[in-house]
Every structure is written in C-alpha cells, then in structure tokens.
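Observations on the model geometry
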Amino acid sequence: MMGIKIIATGSYLPSKVVTNDDLSKIVDTSDEWIVKRTGIRTRHYLGEGETHQTMAEAAAKQALERANIDRSKIAACIVTTLGGDYITPTCACMLQAALELEENTACFDMNSACAGFPYGLKLAQGLVTKERPYALVVSCEALSRLTDFTDRSTCVLFGDGAGAVVVEGSEDTPDICAILGSRSNQPVLYIDGSTEEGPSYIHMEGQAVFKFAVDIIPRCIQWILDQAGKTVEDLDWLVMHQANERIIDHAVKKMQMPPEKAFKNIAKYGNMSSACIPIALNDLYEAGQLRSGMRVLCVGFGGGLTWGGCLIEIGGIS
C-alpha cells in the first residue's frame, strides 16, 4: 500500500460567534464554570445562509486552491461527519459536483464520530493509486443542530466548523501507521435516530467519556509510535480531538511530552467532533507552524465509543 502525506489544508468557521456569557443567558451556567471544566471560551454556530454543505465546500476549496493540483488526479472525496444536510445525497456527492471532480471519483460520507478524521485518512490511503495519487478528506460538523440547549452539561461544549486536507500518495512515503478501534458503549454518548420520538440531541455522560478518553489516548499514541518505530521525541506535533482541555493535558502528562508539542485551540472553537483535528492542522499552517517534513500524530475519540489515530507526514508546505 502507498503511504500518504498531507500537502494542503483548509478550514471554514461559521460567522456566528457564541461566547460563554451568551450561553449563560439561556441556561444556568457561567463563563467561569465552563472555562474551569472545559477550557472553552467561544464557539461558532451556523449563521444566516450557512449550511453544513457550504462549510464543507469552503474548506475543501481552500485546501484544493493551496494544493494546486490536477483535480482529475483525485481518486477519492471522503467526508467525515455525524450528518449532513441530507441523508442522501451525501455531502461528498454534492462536493463532487461543486468542486468539478471527475465522475469516476469515489465519493462518500462516513460516520466514526469524533474519531472520523484518522479513519478518513486511512480510507484515503487505501484509495489513492499511482495514476490518481490524490485524495480530499473533509471533516464537517454542524453540532449546533444537535445540541439540547436546556442541558447545561452538554450545550456549552459544541461548535460548528469544517476542516479539509489534500493528501498525496507515494510508494516513497511512509505508512501512516493508523490504529483504529471501538469500545462499544451506546448509553455513554449517543444521538437519537430518526425513528425516535422528538428531536435528535447529543446525550453524553461526561465522566464516563472522560475516563474512556484518558485511558485510550495514551495507549493509542504508544501503539502508533511502536508501530512506526518512533518516540515522542520524533514528533513535531500531537493534534488531538479537542473535547476538553483537561483530557489533552492529562494525555500529555501521561506520555511525558513537552506541553508545547500538543496543539490546543479548544478555547476558540469548542468541540467540533471530527472537524477538530483538520481545523487544528489548518490553524497551525496559517500560523506558519506546519512545514514540509514535519511528523504529526493525530488522535480522535468519541461516540461509539470510537477511537483512532495515525502518524502522518507533511509535504509540499513551506
């Protein structure tokens, strides 16, 4: 199997910014309470004229413009999401038309919850070929549509956004050493299906999710490093799903990593499910902190309970 590297990033954040003080006006909470328990200060919600699809298109177009590649050489368009504007057609199918991709491009959505991005990268690695060595992976979430604004334990956590990467496959590029898994526990974190009565809201047992995350993240990181024959010293960045600042800090301490290697932007955006990691990568790029040759270890975890991670190189970015 060919290895892949990330050659371009993109993102889109909706226009509506919601502060902790804004939420305190509709639910019994406060800025101090939210920051102390999560590290979140603001998040973005879909505004007028914005949809799941418009976010995905904006992030994808930015990544493709930066990649400056022949789009006929794109083998796959993969969207990771909890749900787009339609059950069908998928967001990826609509992106195929909007981005003028070849009709014989593999286009599909996949739902691995907050672990979706590393899952998407592994699928992309399996779909690229010598003839068509590129793939587009877009992670897009509109969680404000799935939030119960009467539940103060969950409504403060989530935001909307989209991140995208273009990857390039090559036989000379190392395997991404993806480790993917699931620890089935539906009651801990779930969203009702269309057959249930009432709206589909996020339901979460926060303490149980926290215990799951602080257990699986360090183990996932170590498994990936062992498979790649690397150590934490070989990493340029650790980019984790931005669920809770305390989870990130705990993982860094457990792995005995320099804290500055673990990127955090949760304060600005909150939890955007699968979109967290690619948006973080784009933030790093736009800050001039993501360059060719860097190694980035990505780890996601969430509903399912799914988890997964991979070690991927950066290429074509100066």
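This is a predicted model, so every value here is computed, not measured. (Residues numbered from 1 in each chain as written. Predicted model: local features only at pLDDT ≥ 70, side-chain atom pairs only at ≥ 80, totals over all residues. Heavy atoms only, no water.)

1. Some thoughts on helix α8 (residues 245-254)
Among the residues of α8, I247, I248, A251 and V252 are the ones counted as buried. In a view along the axis of α8, the buried residues occupy a sector of 130°, so they form one face of it. Every exposed residue of α8 that faces more than 90 degrees away from the buried side is listed here: K253 and K254. Where α8 is buried, its residues meet α7 (206-228), β11 (237-240), β12 (262-263) and β13 (295-302). The distance from a side-chain oxygen at the start of α8 to the backbone nitrogen of R246 is 2.7 Å, and the residue carrying that oxygen is N244. Just downstream of α8 lies Q256, where phi reads positive at about 55°. (Buried < 20%, exposed > 50% of the residue type's maximum accessible area, 1.4 Å probe, protein only. Helix = DSSP H or I, 4+ residues; strand = E, 2+ residues; numbered from the N terminus. Arc of directions from axis to C-beta. Contact = heavy atoms within 4.5 Å. Polar contact = N/O pair within 3.5 Å; in protein donor to acceptor, adjacent residues only side chain to side chain.)

2. What to know about the packing of aromatic side chains
The relative placement of two aromatic rings is captured by the distance of their centres and the angle of their planes. A complete count under the given rule lists 3 aromatic pairs for this structure. With a centroid separation of 5.9 Å and an interplanar angle of 70°, the aromatic rings of Y45 and F149 are classed as edge-to-face. Taken together, the positions of Y45 in strand β3 (residues 42-45) and F149 in the loop between β6 (134-142) and α6 (152-155) put the pair 104 residues apart, joining distant regions of the chain. Using a relative accessible area of 27% as the deciding quantity, one classes F149 as partly exposed. With centroids separated by 6.2 Å and ring planes inclined at 90°, the aromatic side chains of W237 and F263 adopt a geometry described as edge-to-face. One end of the pair, W237, is in strand β11; the other, F263, is in strand β12, and 26 residues separate them in sequence. (Phe/Tyr/Trp six-rings, centres within 6.5 Å; stacked < 30°, edge-to-face > 60°.)

3. Regarding the pattern of salt bridges
Under the defined criterion, the tally for this structure stands at 9 salt bridges. Among the salt bridges present, the one from K122 reaches D175, with a minimum N-O distance of 4.0 Å. Linking K122 in helix α5 (residues 116-127) with D175 in the loop between β7 (160-170) and β8 (179-182), this pair joins segments that are 53 residues apart in sequence. K122 gets classed as partly exposed once you look at its relative accessible area, which sits at 27%. What emerges from the salt-bridge pattern is a single network uniting R183, D215 and R219. (Salt bridge = Lys/Arg side-chain N within 4 Å of Asp/Glu carboxyl O.)

4. As for the pairing of β13
For β13, the buried fraction is high: 7 of the 8 residues fall into the buried class. As judged from the 4 bridges shared by β11 and β13, these two strands associate in the parallel manner. From the neighbouring strand, V239 faces β13, where its bridge partner is C298. Where β13 lies against strand β14 (residues 306-314), 8 bridges are found, and the strand directions are antiparallel. Its bridge partner lying in β14, F301 is registered against W307. Between β13 and the antiparallel strand that follows it, β14, lie 3 residues; G304 among them carries a positive phi value of about 140°. (Pairing = 2+ DSSP bridges.)

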